[in-house]
Amino acid sequence: MQAVETALDKFGPPVYVRRQIVHNTHVVSTLEKRGAIFVTELGEVPPGAVVVFSAHGIAPEVRREAEQRGLRAIDATCPLVTKVHNEARRFAAKDYDILLVGHAGHEEVVGTSGEAPDRVRLVDGAEGAANVQVRDPSRVVWLSQTTLSVDETAETVHALRERFPDLADPPSDDICYATQNRQAAVKVIAAQAELVIVVGSPNSSNSVRLVEVAKDYGAQAAYLVDDAGEVEERWLDGVTTVGVTSGASVPEELVASVLAKLADFGFGAVEEVEAVEEHMTFALPRELRTSGAARPA
């Protein structure tokens, strides 16, 4: 998000962004008002223009296309996604089949698969593990989309390992720390709250997973809302405790507005639940970097 803002400050509008920079309606709308133009493919970007690649990552062919068209590209891929890309290239070079746990069609999965299209096999849930085929069962490794449910991923990997006992693990966990931490907090909250409200957009994978986790861990009801305007007072009938969380890319002011609306409905006492303390920071893309510049996670 800050990469697009900084690009607008540095180069002036318009700055083109391939796909949504993050999967959040309000973030996209705010950046559009500043002069960002969101496109689906690079063919929509004028030659020589500034284009930002989204946090979800891109296949190598997209980067080559940008170079061929003379675009001034800024790569805002999340470093945690870049890590998975690097793993895919490394295992492909060692002639492994890569079982990528993720959701078909998600931009992150498309980008990672593009790193080694002849080696990556998509596994969409435990059901997909039953049907995936590999060349050599002794040379297989699993990787994952960074925004999945921790529990569902573990279930899928377990199913894969039953079929492929020699299945190798990634060098470190692929699921985003922010995704994991939010899911851990929701597990605590859901056991205490009849209702859980998740602030996030419907196309945000990690936000949708939070709704699922809340329901799995004790909440009687859980709803996904883009903003406070979608919170309905009828949800609160018979409820004594409400849990509130948000997707990893949701601006803090949207969460604050939901809390304010709940206070108007009589739920004004707030207790914070933090399962894991976060101190992660990421550098801006090198094209935008100044000495010591970093952006909050």
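Our structure's up above, just so we're on the same page.
Described below are features of the structure shown in this document. (Residues numbered from 1 in each chain as written. Predicted model: local features only at pLDDT ≥ 70, side-chain atom pairs only at ≥ 80, totals over all residues. Heavy atoms only, no water.)

## A few points about the packing of helix 8 (residues 177-190) against helix 9 (residues 205-216)
At step 1: Relative to each other, helix 8 and helix 9 sit at 25°, their axes nearing to 9 Å. Relative to helix 9, the element helix 8 lies roughly parallel. Crossing of helix 8 over helix 9 shows right-handed handedness. Judged by residue contacts, Thr 179, Arg 182, Gln 183, Val 186, Lys 187 and Ala 190 of helix 8 engage Asn 206, Arg 209, Leu 210, Val 213 and Ala 214 from helix 9.
At step 2: Of the residues belonging to the contact of helix 8 with helix 9, the class tally is five nonpolar, three polar and three charged. (Axes fitted to C-alpha atoms, helices over the stretch in contact; angles between N-to-C directions. Helix = DSSP H or I, 4+ residues; strand = E, 2+ residues; numbered from the N terminus. Parallel < 35°, antiparallel > 145°, perpendicular 65-115°, else oblique. Left-handed = near helix turned anticlockwise from the far one by under 90°. Contact = heavy atoms within 4.5 Å. Nonpolar A, V, L, I, M, F, W, Y, C, P; charged D, E, K, R; others polar.)

## Some remarks on a negative patch on the surface
At step 1: Together, Asp 124, Glu 127, Glu 152, Glu 155 and Asp 216 make up a negatively charged patch on the protein surface.
At step 2: Tracing the sequence through the fold places Glu 127 in helix 6 (residues 125-129).
At step 3: On the basis of relative accessible area, Glu 127 is assigned to the exposed category, the value being 62%. (Patch = residues over 30% accessible without salt bridge, like charges linked within 9 Å, V, L, I, M, F, W, Y side chains within 5 Å. Areas by Shrake-Rupley, 256 points an atom, 1.4 Å probe, with all protein chains shown as cover. Salt bridge = Lys/Arg side-chain N within 4 Å of Asp/Glu carboxyl O. Lys, Arg positive; Asp, Glu negative; His and termini not counted. Charge placed at Lys NZ, Arg CZ, Asp CG, Glu CD. Buried < 20%, exposed > 50% of the residue type's maximum accessible area, 1.4 Å probe, protein only.)

## Here's the deal with the pattern of salt bridges
Oppositely charged side chains are able to pair whenever their charged atoms sit close together.
At step 1: Applying the stated criterion across every chain yields a total of 17 salt bridges.
At step 2: One salt bridge connects Glu 115 with Arg 89, and the closest N-O pair in it is separated by 3.2 Å. A residue pair is termed long-range when its members are at least 10 positions apart, and Glu 115 in the loop between helix 5 (107-113) and strand 6 (120-123) and Arg 89 in helix 4 (residues 79-93) qualify at 26 residues.
At step 3: Linking Arg 209 and Glu 212 is a salt bridge whose minimum nitrogen-to-oxygen distance equals 2.9 Å. Linking Arg 209 with Glu 212, this pair stays in helix 9, spanning three residues, or about one helical turn.

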